[in-house]
Amino acid sequence: MQVHVRGWGARRWVAFGLIAFGSLFLIIGLILTGKSISLLADAQRAKGTVVALEWRDDDSDRGVSRKTSVPDKPSAYPVVEFTSADGTHRTFRSSTGSNPPSYDEGDQVEVLYRADSPEDAEINGFASLWLLPLIFGGLGLVIAGIGTGIAMVGRRRS
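Quick caveat: nothing in here was measured; it's all calculated off a predicted structure.

The rules behind the values
Residues numbered from 1 in each chain as written. Predicted model: local features only at pLDDT ≥ 70, side-chain atom pairs only at ≥ 80, totals over all residues. Heavy atoms only, no water. Helix = DSSP H or I, 4+ residues; strand = E, 2+ residues; numbered from the N terminus. Buried < 20%, exposed > 50% of the residue type's maximum accessible area, 1.4 Å probe, protein only. Contact = heavy atoms within 4.5 Å. Areas by Shrake-Rupley, 256 points an atom, 1.4 Å probe, with all protein chains shown as cover. Salt bridge = Lys/Arg side-chain N within 4 Å of Asp/Glu carboxyl O. 1 Å grid on protein atoms, 1.4 Å probe; cavity = no way out; pocket = protein on both sides within 12 Å on 5 of 7 lines; lining within 4 Å. Points joined across faces, edges and corners; volume = space filled by probe spheres on them. Nonpolar A, V, L, I, M, F, W, Y, C, P; charged D, E, K, R; others polar. Patch = residues over 30% accessible without salt bridge, like charges linked within 9 Å, V, L, I, M, F, W, Y side chains within 5 Å. Lys, Arg positive; Asp, Glu negative; His and termini not counted. Charge placed at Lys NZ, Arg CZ, Asp CG, Glu CD. Pairing = 2+ DSSP bridges. Axes fitted to C-alpha atoms, helices over the stretch in contact; angles between N-to-C directions.

Peer 1: Account for the overall build of the protein, with residues named and values stated.
Peer 2: From N to C terminus, the protein includes three helices and five strands. Within the span of the protein, comprising 158 residues, buried residues form 27% of the whole. Counting contacts in the protein only where the partners sit at least 6 residues apart, residues at least 24 apart contribute 68% of the total. When the accessible area of the protein is evaluated, it comes to approximately 10300 Å², of which 60% is carbon and sulfur surface.

And the structure:
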């Protein structure tokens, strides 16, 4: 004889959804971690200089109407110049911006780049390499953990 706890069917779907959603975030975090580790392992290193801060309002990139959303503060993305191993002078904009800015114009930074694609350079810094993997992985663990907790409580009750 099977005992059916009232409302457990909905909780089961919520638990499954949270575990699936959390697992997806965790996988994205692991992929981003692998990408950072790979860059650190294969990277050429060069000294770079922050030559400018490019201020961007991220809402405009997402196509969100300013009238319907709360405006975000613009973020400063450092623009860095460096010379690659082949002697070519290169400039790139970091993919990580912040407000307040993490860097000032004139700051010296270490640049990581792959010899076969120096245009995809990154600043060797915590935010550039580890912030997104930590956010996605951490959220994934928390969300999947909540889903697992709901599933275990429901299983004990049945």
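So that's the structure; there's more coming.
Peer 1: Now, about the pattern of salt bridges: what can you tell me, with residues and values included?
Peer 2: The tally for this structure, following the rule as stated, stands at three salt bridges. Notably, a salt bridge pairs Arg 93 with Glu 54, separated by 3.4 Å at the nearest N-O pair. Separated by 39 residues along the polypeptide, Arg 93 in strand β3 (residues 89–93) and Glu 54 in strand β1 (residues 44–56) bring together distant segments of the chain. A relative accessible area of 35% places Arg 93 in the partly exposed class.

Peer 1: Requested: an account of the layout of surface pockets, with residues and values cited.
Peer 2: If you add up the space inside the largest pocket, you get close to 420 Å³. In this structure, the largest pocket is lined by 17 residues; those nearest its centre are Lys 35, Ser 36, Ser 95, Glu 122 and Ser 128. Broken down by element, the residue count for the lining of the largest pocket peaks at seven residues, all from helix α3 (residues 126–157). The class makeup of the residues in the lining of the largest pocket is eight nonpolar, five polar and four charged.

Peer 1: Lay out unusual backbone geometry with the relevant residues and their values.
Peer 2: Cis rather than trans, the peptide bond between Asn 99 and Pro 100 has omega equal to 10°. Position of Pro 100 relative to the elements: it lies in the loop between β3 and β4 (108–114).

Peer 1: Go over a negative patch on the surface with me, naming the residues and quoting the values.
Peer 2: Judged by side-chain charge, Asp 42, Asp 116, Glu 119 and Asp 120 come together as a negatively charged surface patch. Here Glu 119 lies in strand β5 (residues 117–123).

Peer 1: Please provide a residue-by-residue account of the sheet that holds strand β2 (residues 75–83), values included.
Peer 2: Judged by pairing direction, the sheet is antiparallel, and its five strands sit side by side in the order β3-β2-β1-β4-β5 without closing on themselves. If you trace the sheet from one side to the other, it starts and ends with β3 and β5, each paired once. Ignoring strand direction, the axes of neighbouring strands in this sheet form an average angle of 40°. The pairing of β4 with β5 spans three bridges and is antiparallel. When the bridges of β5 are listed, Val 111 appears paired with Ile 123.

Just geometry here; none of it tells us what the structure is for.
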